[in-house]
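An overview of the molecular structure
As a plain string of letters, each chain reads:
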Amino acid sequence: MPKPFVGIDFGTTNSSVARTLPEGGVELARFAAGESLTESYRSLLYLELVEDGRAKRVKSWTGPAGIEQYLAAETKGRLIQSLKSFLSARSLQSTEVFGRRMRLEDLISRILRDLRESAGKQFGIDLRAAVVGRPVRFVGAETEEDNAFAEQRLRDSLLHAGFETVKFELEPVAAAHYYESTLDHDELILIGDFGGGTSDFSLLHVGPGILRRGRMPTDFLGNSGLGLAGDAFDAKLVRHLVSPELGRGSEAESLGKVLPAVPNWVYAKLERWHHLSFLRTSAVMTMLRSTLATAYEPAKIEALMHLVNEDLGYHLHRAVQRVKCDLSAHPQATFRFSDGGFEIEAVVTRAEFDEWIAEELARIEGCVDGLLAQAGVDPGDVDMVFLTGGSSFVPAVRRIFETRFGARRIRTGDEFTSVAQGLACKAAEG
Ligand SMILES: Nc1ncnc2c1ncn2[C@@H]1O[C@H](COP(=O)(O)OP(=O)(O)OP(=O)(O)O)[C@@H](O)[C@H]1O
Ligand SMILES: [Mg+2]
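Attention in this report is confined to the structure presented alongside it. (Residues numbered from 1 in each chain as written. Chains lettered and ligands numbered in written order. Predicted model: local features only at pLDDT ≥ 70, side-chain atom pairs only at ≥ 80, totals over all residues. Heavy atoms only, no water.)

Details of the overall build of the protein chain
The secondary structure content of the protein chain amounts to 15 helices and 22 strands. Relative to the compact-globule value of 22 Å for 430 residues, the protein chain shows a C-alpha radius of gyration of 22 Å, a close match. For the protein chain, the spread of C-alpha atoms along the principal axes amounts to about 75 × 55 × 40 Å. Within the protein chain, residue pairs in contact and separated by at least 24 positions form 68% of the contacts whose partners lie at least 6 positions apart. Of the roughly 18,700 Å² of accessible surface on the protein chain, 49% is carried by carbon and sulfur atoms. The centroid of the 50 positive side-chain charges in the protein chain is displaced by 4 Å from the centroid of its 60 negative side-chain charges. (Helix = DSSP H or I, 4+ residues; strand = E, 2+ residues; numbered from the N terminus. Rg over C-alpha atoms; globule rule 2.2 N^0.38 Å. Contact = heavy atoms within 4.5 Å. Areas by Shrake-Rupley, 256 points an atom, 1.4 Å probe, with all protein chains shown as cover. Lys, Arg positive; Asp, Glu negative; His and termini not counted. Charge placed at Lys NZ, Arg CZ, Asp CG, Glu CD.)

Structure (structure tokens):
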């Protein structure tokens, strides 16, 4: 039997793995998640310090097993989400976990190793070669050097996880390959892939005719990308619904002066999933403790300390996901978060949410219009727009395309797995 070609989409929030089938088409790996199976594996890492004989060592779990272990733990270890968003950050070479230095590549490779081993077992192969997705612009990347630096780190993480041959393909181009596999004619398409960390766009000609004659460089009209997506929307939900309840905007009196009780950078970290669990340091806890005595609203600071100390980022993420998904389906939703000493319940309308993310939406619009202008393509010339990725469910995101192209020219689908499937198709093409 010929060896399958494998595509790996290591996403900010979810990852998936696909392979080509000998009879044609692709198949997704399915991962155990409690009693059920899932094709999209949460890209998270959970670490605990465990007794091992007389020594202590760090034990780690990823994906659904990480969530299970985290939820079952009486004393919470450290749950890290959205690790991909650190790849371009030169300042984050390594981090201290339970007093031990760990490199970012070591943390990311834990997730990649589990994906490799689990998918390899299902596919019946020793999985060592894959085409792997990367965003057009990594989160935080300001220059092409930053992008190259992030890609190199992702490559190192993959090699560290046991891969030997790695080729990269842009995630929106992979989504285009997936969409192409559904076509019986050629089209000029615009892809919009909205994930957790990044929003990516590609403008290209695809279709069976193009595959038959062989792809040409002129088929690719351009790519563009932004290092913001669902996590940035979540940040705004946390800022408006949660941070004020945890002391943002609250004051303290010290030496006759009235100052913010907690500096704003703490809330900036609280609002970003990849930073949240790193707030739990003794320096931050000492600072919060010292502000308690002088704060006008100490209960809010206590609630913040509780959230940081108990590593409640996962619960917060879940509460934010819920309200965001509800707002995609309904004009109004209720945000609920309750843990330990504090409880938040607030009604949010979709119009409010749209206003909170207006800046992000404007940047997305600018990126789409910029790509069309740069390629010299009029919106009227685009045959179809394919929107994918979890954040493409956000109605305000879809509206950007509906106003430019009309609802009839928009296709959606396989939001969480189109990139992995397209990567497998690309791997087969060589
Ligand atoms: N129904 C929904 N409404 C709004 N947002 C949603 C919905 N479902 C999922 N999301 C968001 O989609 C994002 C995850 O999408 P996806 O799995 O495509 O991203 P990813 O591939 O992990 O990230 P990236 O491509 O940026 O690396 C999260 O921010 C999640 O909150
Ligand atoms: Mg993605």
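Topic: the pairing of strand β15 (residues 199–206)
Of all eight residues making up β15, seven are buried, and the element is well covered by its neighbours. Pairing of strand β14 (residues 187–194) with β15 involves eight bridges; the strand directions are antiparallel. When the sheet's bridge partners are listed, L190 is paired in β15 with L203. In textbook terms, the turn of a hairpin is the stretch between consecutive antiparallel strands, and for β14 and β15 this stretch comprises four residues. (Buried < 20%, exposed > 50% of the residue type's maximum accessible area, 1.4 Å probe, protein only. Pairing = 2+ DSSP bridges.)

Looking at the layout of surface pockets
Put simply, the largest pocket is a space of about 700 Å³. Contributing to the lining of the largest pocket are 38 residues, with T13, N14, G196, G390 and F416 lying nearest its centre. Sorting the residues of the lining of the largest pocket by element identifies α1 (63–72), β14, α6 (230–242) and α11 (313–329) as the ones contributing at least two each. The greatest single-element share of the lining of the largest pocket, amounting to five residues, is contributed by α11. Within the lining of the largest pocket, the residues separate by chemical class into nine nonpolar, 19 polar and 10 charged. The computed volume of the second largest pocket comes to approximately 470 Å³. In terms of lining, the second largest pocket is formed by 21 residues, of which the most central are V139, G140, G227, L228 and R272. Elements that contribute at least two residues to the lining of the second largest pocket include exactly α6, α8 (273–276) and α13 (358–375). Considered class by class, the residues forming the lining of the second largest pocket number nine nonpolar, six polar and six charged. (1 Å grid on protein atoms, 1.4 Å probe; cavity = no way out; pocket = protein on both sides within 12 Å on 5 of 7 lines; lining within 4 Å. Points joined across faces, edges and corners; volume = space filled by probe spheres on them. Nonpolar A, V, L, I, M, F, W, Y, C, P; charged D, E, K, R; others polar.)

A word on the packing of helix α9 (residues 282–292) against helix α10 (residues 298–309)
The N-to-C vectors of α9 and α10 enclose an angle of 160°; their axes lie 9 Å apart at closest approach. Here α9 lies roughly antiparallel to α10, going by the angle between them. Once α9 is placed against α10, the crossing between them reads as left-handed. Note on element contacts: α10 touches α9 through P298, I301, E302, L304, M305, V308 and N309, opposite M285, L288, R289, T291 and L292. Counted by class, the contact of α9 with α10 contains eight nonpolar, two polar and two charged residues. (Axes fitted to C-alpha atoms, helices over the stretch in contact; angles between N-to-C directions. Parallel < 35°, antiparallel > 145°, perpendicular 65-115°, else oblique. Left-handed = near helix turned anticlockwise from the far one by under 90°.)

Here we look at the sheet that holds strand β22 (residues 410–412)
The sheet built from five strands is open, its strands ordered β16-β15-β14-β21-β22 with mixed pairing. The open sheet has two free edges, formed respectively by β16 (220–226) and β22, since each of these has just one partner strand. Each strand of the sheet is rotated relative to its neighbour by a mean of 20°, with strand direction disregarded. For β15 and β16, the ladder comprises six bridges, and the chain directions are antiparallel.

Structural notes on the site of ligand 1
What surrounds ligand 1 is a group of 22 residues, the closest being T12, T13, N14, Q321 and S328. Separating an oxygen atom of ligand 1 from a side-chain N or O atom of N14 is a distance of 2.7 Å. Contact distances for ligand 1 include 2.9 Å between an oxygen atom and a backbone N or O atom of G390. For ligand 1, whose unbound accessible area comes to 660 Å², protein coverage reaches 93%. When grouped by side-chain class, the residues that make up the shell around ligand 1 number four nonpolar, 14 polar and four charged. (Near = heavy atom within 4 Å. Polar contact = N/O pair within 3.5 Å; in protein donor to acceptor, adjacent residues only side chain to side chain.)

Considerations on the sheet that holds strand β8 (residues 55–62)
For sheets, the rule is that strands pair by backbone hydrogen bonds, running either parallel or antiparallel. Reading across the sheet, the three strands line up as β8-β7-β9 and stay open at both edges, with antiparallel pairing between neighbours. Each end of this open sheet is capped by a strand with a single partner; those strands are β8 and β9 (78–80). The sheet shows a mean angle of 25° between the axes of neighbouring strands, direction not considered. Here strand β7 (residues 45–52) pairs with β8 via eight bridges, running antiparallel. Bridge pairing in β8 links L47 to S60. Docked against the sheet, α1 engages β7, β8 and β9, running at close to 125° with respect to β8.

Points about empty space enclosed by the protein
Space left empty within the atom packing is revealed by a probe, the size of a water molecule, rolled over the atoms. What the rule picks out here adds up to two cavities of 30 Å³ or more. The calculated volume of the largest cavity comes to roughly 50 Å³. In terms of lining residues, the largest cavity is bounded by T12, T13, R42, S43, L44, Q81, S82, D231, W273 and H317. The class makeup of the residues in the lining of the largest cavity is two nonpolar, six polar and two charged. What the second largest cavity holds in volume is close to 40 Å³.

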